[in-house]
Amino acid sequence: MLDAFALVFRAYYALIRSPRITSKGRNTNAQFGFTNALVDLIKNQNPSHMAVCFDTHALTERHTDFADYKANRQETPEDILSAVPDIKKIIEALNIPVIAIDGYEADDVIGALAKQAEKAGYEVLMVTPDKDYGQLVSENIKIYKPPYQGGNFEILGPKEVCEKWDIERVDQVIDILGLMGDAVDNIPGIPGVGEKTAAKLLKEYSTLENVLANADNIKGALGEKVRKGKELAIMSKKLATIIINVPVEFHEEDFCIKEPNKELLKEIFTELEFKTLAKRILGEEISIKTTDDRPQTTEKSQQIDLFGNVVESAKPKK
């Protein structure tokens, strides 16, 4: 299960210093990085089933509850907005389901499908860098944290998630986020309470609700912060909680890895001027017709990680 926009953004920005520009002047960083990485993921992990989940523009319950939810995020660059239809076409041409449901974020959809797939007997990898997904992890549902800047990928199960947060159970991920907040999503938490303090409170009181119930027993300035931040903490935990009651169903036959639609891929790759990708995936050359004298970006055969970062080739041993 892929968290599409997290991967699209990283693919775009990873190539920002050497943008890929077509003969028509289009920036194709996002399309190139995402496609290369998606194909690598299929090749290296050999999944039996796959789906890619997108956010929609519709407001969610989180936005209704807290108007400033994700309000600190910068406006999406036009190059990414224009890339999304291409990326969806490429995913569909690879015969991988694209799923987006109004009123829910991609992590909600992934959470719902992951739990359903687990019940059906599958092992699930949630492909994302997002720490919030730790709350969904079980022995059969894990986070696949893609490689970054030439590093190695990580697979995080319950043990790794608990060690990362210094907690005892994965369900405490939402408690710790409720206490400390999350700057990325503009979730406030309790002002003045950081990750270490939040973990310490949970060691003593187990849940956010129990921390708040015992606020009068917490001494000094910390007790005062907890008492003042009670409402923010309750709301923050709700904002951080991934919703798994989503109107989506895991149909095994729809999620199976299938042969790609090569004709459609050829059409898209020709439009985006992806010569090397066409050769790699389709096994054939494509001809690119340029419409002006604009110099074409040379498409190098580079190894790209799942966030579109160019991985430096290892030097041969002497």
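Owing to the predicted nature of the structure, the values given are computational and were not obtained by experimental measurement.

*Asks:* Help me understand the packing of helix H7 (residues 173-180) against helix H11 (residues 230-240) in this model?
*Replies:* In a pair of packed helices, the angle between the axes and the distance between the axes together describe the arrangement. At a minimum axis distance of 7 Å, the contact between H7 and H11 shows a crossing angle of 135°. Considering the angle they form, H7 stands oblique to H11. Handedness of the H7/H11 crossing: right-handed. Contacts between H7 and H11 pair Ile174, Asp175, Leu177 and Gly178 from the former with Ala233, Ser236, Lys237 and Ala240 from the latter.

*Asks:* Would you take a moment to explain the pairing of strand E5 (residues 141-145) for this structure?
*Replies:* Looking down a regular strand, the side chains alternate between one sheet face and the other. Alignment of strand E4 (residues 124-127) against E5, held across 4 bridges, turns out to be parallel. For Met126, the partnering residue across the bridge sits in E5 and is Ile143. Across 3 bridges, E5 lies against strand E6 (residues 154-156) in antiparallel orientation. Paired with Ile143 across the two strands is Leu156, which belongs to E6.

*Asks:* When you look at helix H6 (residues 158-165) in this model, what are you seeing that I'm missing?
*Replies:* Given 3.6 residues per helical turn, the α-helix brings residues three or four places apart onto the same face. Of all the residues in H6, the buried ones are Pro158, Val161, Cys162 and Trp165. Buried positions in H6, seen along its axis, are confined to an arc of 95° and lie on one side of it. The exposed residues of H6 that point more than 90 degrees off its buried face are Lys159 and Glu163. The elements touched by buried residues of H6 are E6, H7 and helix H8 (195-205). Phi for Asp166, located one or two positions after H6, is positive at around 60°.

*Asks:* Would you mind showing me how to read the environment of Glu154 here?
*Replies:* Along the chain, Glu154 falls in strand E6. According to the relative accessible area criterion, Glu154 is partly exposed, its value standing at 40%. With 10 residues separating them in the primary sequence, Glu154 and Tyr144 have C-alpha atoms 5.9 Å apart. If we skip the residues at most four places from it in the chain, Glu154 touches Ile143, Tyr144 and Lys145.

*Asks:* What am I meant to see in the side chain of Gln172 here?
*Replies:* By the secondary structure assignment, Gln172 is in the loop between H6 and H7. A polar contact of 2.8 Å, which involves the side chain of Gln172, links it to the backbone nitrogen of Glu168. For Gln172, the residues in contact, after removing those within four places along its chain, are Ile167, Leu202 and Ser206.

*Asks:* Teacher, can you tell me more about the pattern of salt bridges here?
*Replies:* Counting across every chain of the model gives 14 salt bridges. For the salt bridge of Asp182 with Lys131, the shortest nitrogen-to-oxygen distance reads 3.2 Å. Of the two residues, Asp182 is situated in the loop between H7 and H8 and Lys131 in the loop between E4 and E5; the sequence distance between them amounts to 51 residues. Overall, the relative accessible area of 27% leaves Lys131 in the partly exposed class. One salt bridge in this structure joins Lys237 and Glu209, with 2.9 Å as the shortest N-O distance. One end of the pair, Lys237, is in helix H11; the other, Glu209, is in helix H9 (residues 208-213), and 28 residues separate them in sequence.

*Asks:* Hey, could you run me through the packing of aromatic side chains in this one?
*Replies:* Within a pair of aromatic rings, the relevant descriptors are the distance that separates the centres and the angle that separates the planes. Evaluation of the coordinates by the stated rule reveals 8 aromatic pairs. When the ring of Phe5 is compared with that of Phe54, the centres are 5.4 Å apart and the planes differ by 90°; the resulting orientation is edge-to-face. Here Phe5, found in helix H1 (residues 4-14), pairs with Phe54, found in the loop between strand E2 (52-53) and helix H3 (61-65); they are 49 residues apart in sequence, far enough to count as distant. Overall, Phe5 belongs to the partly exposed group, its relative accessible area being 21%. You can call Phe54 buried: its relative accessible area is 1%. Grouping aromatic residues by their ring pairs yields a cluster made of Phe5, Phe9 and Phe54. Directly above the aromatic system of Trp165 lies the positively charged group of Lys164, at a separation of 5.3 Å from the ring centroid.

*Asks:* Mind showing me how you'd approach the packing of helix H2 (residues 29-45) against helix H4 (residues 78-93) here?
*Replies:* Viewed as axis vectors pointing N to C, H2 and H4 meet at an angle of 25°, and their least axial separation amounts to 9 Å. What the angle tells us is that H2 and H4 run roughly parallel. The chirality of how H2 crosses H4 is right-handed. For the pair formed by H2 and H4, the contact residues are Ala30, Gln31, Phe34, Thr35 and Leu38 on the first element and Ala83, Asp86, Ile87, Ile90 and Ile91 on the second. Residue composition of the contact of H2 with H4, by class: 7 nonpolar, 2 polar and 1 charged.

What counts and what doesn't
Residues numbered from 1 in each chain as written. Predicted model: local features only at pLDDT ≥ 70, side-chain atom pairs only at ≥ 80, totals over all residues. Heavy atoms only, no water. Axes fitted to C-alpha atoms, helices over the stretch in contact; angles between N-to-C directions. Helix = DSSP H or I, 4+ residues; strand = E, 2+ residues; numbered from the N terminus. Parallel < 35°, antiparallel > 145°, perpendicular 65-115°, else oblique. Left-handed = near helix turned anticlockwise from the far one by under 90°. Contact = heavy atoms within 4.5 Å. Pairing = 2+ DSSP bridges. Buried < 20%, exposed > 50% of the residue type's maximum accessible area, 1.4 Å probe, protein only. Arc of directions from axis to C-beta. Polar contact = N/O pair within 3.5 Å; in protein donor to acceptor, adjacent residues only side chain to side chain. Salt bridge = Lys/Arg side-chain N within 4 Å of Asp/Glu carboxyl O. Phe/Tyr/Trp six-rings, centres within 6.5 Å; stacked < 30°, edge-to-face > 60°. Lys NZ or Arg CZ within 6 Å of the ring centre and 35° of its normal. Nonpolar A, V, L, I, M, F, W, Y, C, P; charged D, E, K, R; others polar.

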